[in-house]
Each structure stands twice: as structure tokens, then as C-alpha cells.
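Chain residues, written in single-letter form:
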Amino acid sequence: IVVGTGIYLAQTLGVEGFGVWVFATSLVAPLLMVVDGGTEAWGIREVSTHPERLRRSLIEIVALRMILAIGASIVLGLAIALARPAQQWALAWGAVSLLGLTLNTTWAHRGLESAAPAVTVLLQRLLGLGLILLFVRSPEHAARVTFWQGVSETLAAVVLLGLLAPKAGAGPHSALPRFQPFTVLREAWPLGLSRVIRMLPLTFTTILLEYTWSAAAVGAFGAALRIAVLIVIISSTFGMATFPTLARAATLGENSEARVTAAIFRLLAAVVAPVALGGIVLAGPFISLLLTDKFATAAAALQVLLAGFLLMSISDLARGVLQARHQQRRDLRRVIAASLAAAAAAAALTPAYGAVGAAAATLLGEAVVLGFAAHAVWGGGFIVILMRLIGYPVLAAVVMTAPVALLDGQPLAVRVLAGAAAYAATMWPRRRRLIADLRTLERPGRG
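Since the structure is predicted, the reported quantities are computational estimates derived from the model, not experimental observations.

Engineer: Help me understand the overall build of the chain in this model?
Structural biologist: Along the chain, the regular secondary structure elements total 17 helices and zero strands. Taken over C-alpha atoms, the radius of gyration comes to 22 Å for the chain, in line with the 22 Å a tight globule of 447 residues would show. By its C-alpha atoms, the chain is 65 × 55 × 40 Å across when sized along the principal axes. Residue burial in the chain is summarised as follows: out of 447 residues, 52% are buried. For the chain, the proportion of contacts with a sequence separation of at least 24, taken over those separated by at least 6, is 83%. If you sum the accessible surface of the chain, you get close to 19,000 Å²; carbon and sulfur atoms cover 69% of it. Here the chain holds 35 positive side-chain charges and 20 negative ones, and the gap between their average locations is 6 Å.

In C-alpha cells form, the structure reads like this:
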């Protein structure tokens, strides 16, 4: 749905109008991370290991997010004052998303391993798409997109909060927990700051594109980003779904953690590797089919971004292991170093090579993040361990690209089906291992 929404917006708004929306979202996204303040990961870890603290955690996290949202709104106001007229309303409507995140309780539902977030997010995406289809019909409507996105996010947050209320009100208590949101902030801020810093190089890259190239270059980069983001959606959804299991396994000892970690890496690689490598081979046809030839220049950027986001999906799992171990400060130091490297690469490559340079800077930054995170988890032998865990799915994905490439000139559907068949045949000998990995996630404490 996210990719479909991006495709509709690209076709409806045109390259420059799409660039206005991409620019606005690239500035609003870090502010959303500020409002989160690390409470998403902290809340999942807290509720999954101590469900009896749900009510207290809910009150403190929502209160803390309200305080952080005030600060984020001030920063957003400054950004609006400095932005070009075409971008000001698109940024202003981003405040609605700040409200939606403040009220969002996805973290609590995931900590309780409830299916509510999956259903609600699906409905929110459908509602957002429906509102955009109704009210965004021309390039002049570019500024409206952030408003309707925020409306759908806020409504979904209200629904999740309502579903959580009976559980949060259950249990013995005579009074509200003491109001101490800053206690949460002291523990969660490294998680939040790492998310903000993780986002900044991409924001910096988009701003560089806007001021060294044009809104059209931002639009081309944003179009590639909106397709490549499918990998991020898959990996982040998978990571959040498995984080409660990983957090509990970390409390059970090294053996349980090692089994769960290995299972998570193998399963994710089996899903994202074929998507990334297949997308790299088929980037041109996909761009032409989904976005028309107006966005043809986005194909090269898409190929580079897919490689970068494949690395991101693996590195974020490694960072999740550190967070499950309560080593968020260690993770933060590595994210800062990697983000500085990514920003330096963006400063060098983006003005010179435009959207492709921006994508290349992202790829370099993700390679550094992966190296730092994997070294922190496994030490000096991390390359061997990583290849042992994800090497076979990646190899199967490489094998998959052969028929896709050889069938160049054939219809896109034929090439996709041929690649899928080759990947399934290559992965078939590992089916028992993958089934065992799924069972490991269900029972992390068992050998």
C-alpha cells in the first residue's frame, strides 16, 4: 500500500510536485523520531519482559511524547519560516503526524504480542490511500498529502489506544502511577537519539539535492526511495514483531539469545535478499511500469538504494540485539560515527552526481553501520558469522537473478515468475532449517 501510494503520488503530482512532498516528509520524519524519543523500542522491551507495568508505561510514555512534541513543533515552525513558499504548507500539515505519533501505542500492543497493530496499520494505510485518492488530484495539491497522512495516522492511533485501554486498566492498583516521564527519558533517550541520527543523513542528502540540483532531482530520488522503502517496511515490521522474543531471549542467557538471533537473521535474509537483488535487476522496467518514463532517471538511484536498504535491514537486526541487551549507549556511539561518515559521503557525492550520488552516499553509510553493529554483536569474526547466517539466502537470490537477466526483453511478469521459481528451487533444500527457525521464535527458551 505504501509503495502504491507513492506510485499514485508520483504520477499525479509530477516530478516537481512529488519533490515538494518528499522534501516535506524528509524534514518531518526526524521530528517524528524526536517525539518518539526512543520510547517505541523501550516500551516494547519493557512490556514484553514486565507486562504488569503496562499501565505505568502507557501513562509515562504518552506524557513524555506530549512534552517532546511541543519542542518538535517549535523546530517545525522554524523550518516552515525558512522553507520556500511551495513547501511551507506541506511542512505545516506535518504537525498532524506529530499528534498521531504522540498517541500511538503500537509499542504496547507489540510488547503484548497482539495482532492489533498489524490490522490497524493495514486499515490506516488503506484510509490514507483513500483520502489521498479523493483529495489529491493535481500537482497543486502536493501540500495536502502530509495532512491526509497525518489524519489517517491519528485516527489509527486513537483506535489502538481504545483497544489498549481495557488491558491498561486491568490489574490491582489504587491510584495512578506517579508522574515521572523523565525517568523513561533517562533510559530511552539513547534509543531515540540513535533513531534521529540514523535519519539525519537521508534528510541532509535531500536538502542538498534541493539546493544544489532542483525539486525535480528531489522527485527522482524520492521516487526511487518510495519503491526501495519496501525493503525497509519488511525489515522494520519483522524486527518489531520479533523484538519481544529477542528481548526475552536476552534475559534467558547466551544460548537462548544466540539461537533466536540466528533464526531472525536467517528468516529475514530469506525474505529481503530476493526482493533487493531482483529489484536491482528489474529497476528500469519497474520504474517505467509504475511511474512512467518521466521518472526514468530514478532507475539508477533505485538500484543503489536497494543495495543500501538490504544492508540496512541486516544492520538494524544487529542493532536490535544490542538494544535487547540494554546496550543502547554502545549502539548510539556506533550510529553517530556511521552517520557522520554517511553525511560526509553525501556532501561529496550529492552535489556532483545528483540522485545517484545521494543513493551512493546512503549505501556507503549503511555499509559502515552494518560493520559497526555486527562487530559490536559478534566481535572480530563478525564477517564469517554473518556469511554463515545470511550467505545461503543471498546466494540463492544471486542464482535467482540469472534467469531474470537472461529473459531480458520478455514481459516483466514472465521474468518475475522465472526468478521466483529459481529462488524457490534453490531454497528448497533449506526448508527444514527455516521451519525450525520459526519454531525457535515461538519457543526461544528451548534448545
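Engineer: Sorry if this is basic, but what is going on with the environment of Ile 7 here?
Structural biologist: Looking at the secondary structure, you find Ile 7 in helix 1 (residues 2–36). A C-alpha to C-alpha distance of 37 Å links Ile 7 and Ser 48, two positions 41 residues apart in sequence. Not counting residues up to four positions away in its chain, the partners in contact with Ile 7 are Leu 290 and Leu 291.

Engineer: What should I look at first to understand the packing of aromatic side chains in this one?
Structural biologist: Where two aromatic rings form a pair, the distance of their centres and the angle of their planes describe that pair. Enumeration according to the criterion identifies seven aromatic pairs in this entry. With a centroid separation of 6.1 Å and 85 degrees between ring planes, the pair formed by Phe 18 and Phe 295 is classed as edge-to-face. With Phe 18 in helix 1 and Phe 295 in the loop between helix 12 (283–291) and helix 13 (298–324), this pair connects stretches of sequence that are 277 residues apart. A residue is classified by how much of its surface remains accessible, and Phe 18, at 0% relative accessible area, is buried. Between the aromatic rings of Phe 147 and Trp 148, the centroid separation amounts to 4.7 Å while the plane-to-plane angle is 70 degrees, which identifies the pairing as edge-to-face. Here Trp 148 falls in the buried class, since its relative accessible area comes to 17%. Put simply, the rings of Trp 89, Trp 93, Phe 135, Phe 147 and Trp 148 pair up and form one aromatic cluster.

Engineer: Looking at this structure, I do not really get a nonpolar patch on the surface. What am I missing?
Structural biologist: Taken together, the side chains of Ile 1, Val 119, Leu 122, Leu 123 and Leu 126 present a nonpolar region at the surface, about 440 Å² in accessible area. Summarising the element assignment, Leu 126 is placed in helix 7 (residues 116–135). Taking relative accessible area as the criterion, Leu 126 reaches 44% and is therefore assigned partly exposed.

Here is what the cut-offs are and how they apply
- Residues numbered from 1 in each chain as written.
- Predicted model: local features only at pLDDT ≥ 70, side-chain atom pairs only at ≥ 80, totals over all residues.
- Heavy atoms only, no water.
- Helix = DSSP H or I, 4+ residues; strand = E, 2+ residues; numbered from the N terminus.
- Rg over C-alpha atoms; globule rule 2.2 N^0.38 Å.
- Buried < 20%, exposed > 50% of the residue type's maximum accessible area, 1.4 Å probe, protein only.
- Contact = heavy atoms within 4.5 Å.
- Areas by Shrake-Rupley, 256 points an atom, 1.4 Å probe, with all protein chains shown as cover.
- Lys, Arg positive; Asp, Glu negative; His and termini not counted.
- Charge placed at Lys NZ, Arg CZ, Asp CG, Glu CD.
- Phe/Tyr/Trp six-rings, centres within 6.5 Å; stacked < 30°, edge-to-face > 60°.
- Patch = residues over 30% accessible without salt bridge, like charges linked within 9 Å, V, L, I, M, F, W, Y side chains within 5 Å.
- Salt bridge = Lys/Arg side-chain N within 4 Å of Asp/Glu carboxyl O.

Shape descriptors only; they carry no functional weight alone.
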